[in-house]
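Listed below, chain by chain, are the residues.
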Amino acid sequence: DAGVIQSPRHEVTEMGQEVTLRCKPISGHNSLFWYRQTMMRGLELLIYFNNNVPIDDSGMPEDRFSAKMPNASFSTLKIQPSEPRDSAVYFCASSPNLGGQGGASNTEAFFGQGTRLTVV
Amino acid sequence: EDKVVQSPLSLVVHEGDTVTLNCSYEVTNFRSLLWYKQEKKAPTFLFMLTSSGIEKKSGRLSSILDKKELSSILNITATQTGDSAIYLCSGTYKYIFGTGTRLKVLA
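Keep in mind it's a predicted model, so treat the numbers as computed, not measured.

Draft legend 1. Layout of the environment of Leu77(A). Residue and element names in this part refer to chain A. One can find Leu77 in strand β8 (residues 74-79). For Leu77, a relative accessible area of 0% translates into the label buried. C-alpha separation for the pair Leu77 and Val19, spaced 58 residues apart in sequence, amounts to 8.2 Å. In contact with Leu77, not counting residues within four places along its chain, are Val19, Thr20, Leu21, Trp34, Leu46, Met60, Ser66, Ala67 and Tyr90.

Draft legend 2. View of the state of the cysteines. Residue and element names in this part refer to chain A. Taken as a whole and judged by the stated rule, the model has two disulfides over all chains. Disulfide pairing is shown between Cys23 and Cys92; the S-S distance is 1.9 Å. Since a negative S-S torsion denotes a left-handed disulfide, the Cys23-Cys92 link at about -65° is left-handed. Taken together, the residues span a long stretch of sequence, with Cys23 in strand β3 (residues 19-24) and Cys92 in strand β9 (residues 88-95) at a distance of 69 residues. Judged by relative accessible area, Cys92 falls into the buried class, the value being 0%.

Draft legend 3. Representation of the pairing of strand β5 (residues 44-49) of chain B in the model. All names here are of chain B. Bridge count for strand β4 (residues 32-38) against β5 is five bridges, and the pairing is antiparallel. When the bridges of β5 are listed, Leu34 appears paired with Met48. Between β4 and β5, which pair antiparallel and follow one another directly, the connecting turn spans five residues.

Draft legend 4. The arrangement of the nonpolar core in detail. Among the nonpolar cores identified, the biggest contains 41 residues, and Tyr35(A), Phe111(A), Leu33(B) and Trp35(B) are the most heavily contacted of them. Counting residues per element, this core draws most heavily on strand β9 (residues 85-92) of chain B, at five residues. Discounting chain neighbours no more than four positions away, the residues touching Leu33(B) are Cys23(B), Tyr25(B), Phe47(B), Met48(B), Leu49(B), Leu65(B), Ser72(B), Cys89(B) and Ser90(B). Counting 21 residues, the second largest nonpolar core, distinct from the first, contains Leu46(A), Ile47(A), Ala67(A) and Tyr90(A).

Draft legend 5. Structural detail: the side chain of Gln6(B). Residue and element names in this part refer to chain B. Looking at the element boundaries, Gln6 is found in strand β1 (residues 3-7). Of the residues examined, Gln6 reaches a relative accessible area of 4% and is grouped as buried. Here the side chain of Gln6 touches Gly100 through a polar contact of 3.1 Å, landing on its backbone nitrogen. Residues within four places of Gln6 in sequence aside, it is in contact with Asn22, Cys23, Trp35, Tyr87, Leu88, Cys89, Gly98, Thr99, Gly100 and Thr101.

Criteria and thresholds
Residues numbered from 1 in each chain as written. Chains lettered and ligands numbered in written order. Predicted model: local features only at pLDDT ≥ 70, side-chain atom pairs only at ≥ 80, totals over all residues. Heavy atoms only, no water. Helix = DSSP H or I, 4+ residues; strand = E, 2+ residues; numbered from the N terminus. Buried < 20%, exposed > 50% of the residue type's maximum accessible area, 1.4 Å probe, protein only. Contact = heavy atoms within 4.5 Å. Disulfide = S-S within 2.5 Å. Pairing = 2+ DSSP bridges. Core = buried A, V, L, I, M, F, W, Y, C linked by side-chain atoms within 4.5 Å. Polar contact = N/O pair within 3.5 Å; in protein donor to acceptor, adjacent residues only side chain to side chain.

These figures come from the coordinates and say nothing about function on their own.
What follows is the structure, encoded as structure tokens:
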């Protein structure tokens, strides 16, 4: 298995532009997570999907951020419009969901290699 | 509100030293405590702890969970420069992470 695949690996964009980050979870994994990592705030959970349904988006910082999971093998995180303070490394992770609805899983989460976003 | 708190935030030691990293958690529907190591790229999995008082070991690393105190520790003995990394802990079910402990091991 190729693991969790994220694209692009690096993205540099101008303030005000739309940014779309992509994630392909490990086949068979039911839960998918989007994180943002900065030096100041560490690894923050943005949103969490279970069986393609958003379960908790309380970590999404503003309405400028949106995430979708149209099917079990693909998810996107979109920022529109982007701002310099959005600059960070964005990680996607997946895990098999063994705990039923709500994803009370008892396994590790597997991370993609991340997308380094720079907004200038 | 669910939260995971790690201490210390950063630590500088010399090769051969032993370090103890701390993690405390308040997580709804807690199932397990995970430890990860992050070097330059993505976090890599170290341990999963589900039962209180049972130590897990991997080489020079060991970890234990205390469900009564809602905490866990990660011990690294005889540290090496290759142990330099950010160590993250997470409580499932939502896989919320602490801010991490940045460990630097000097030769």
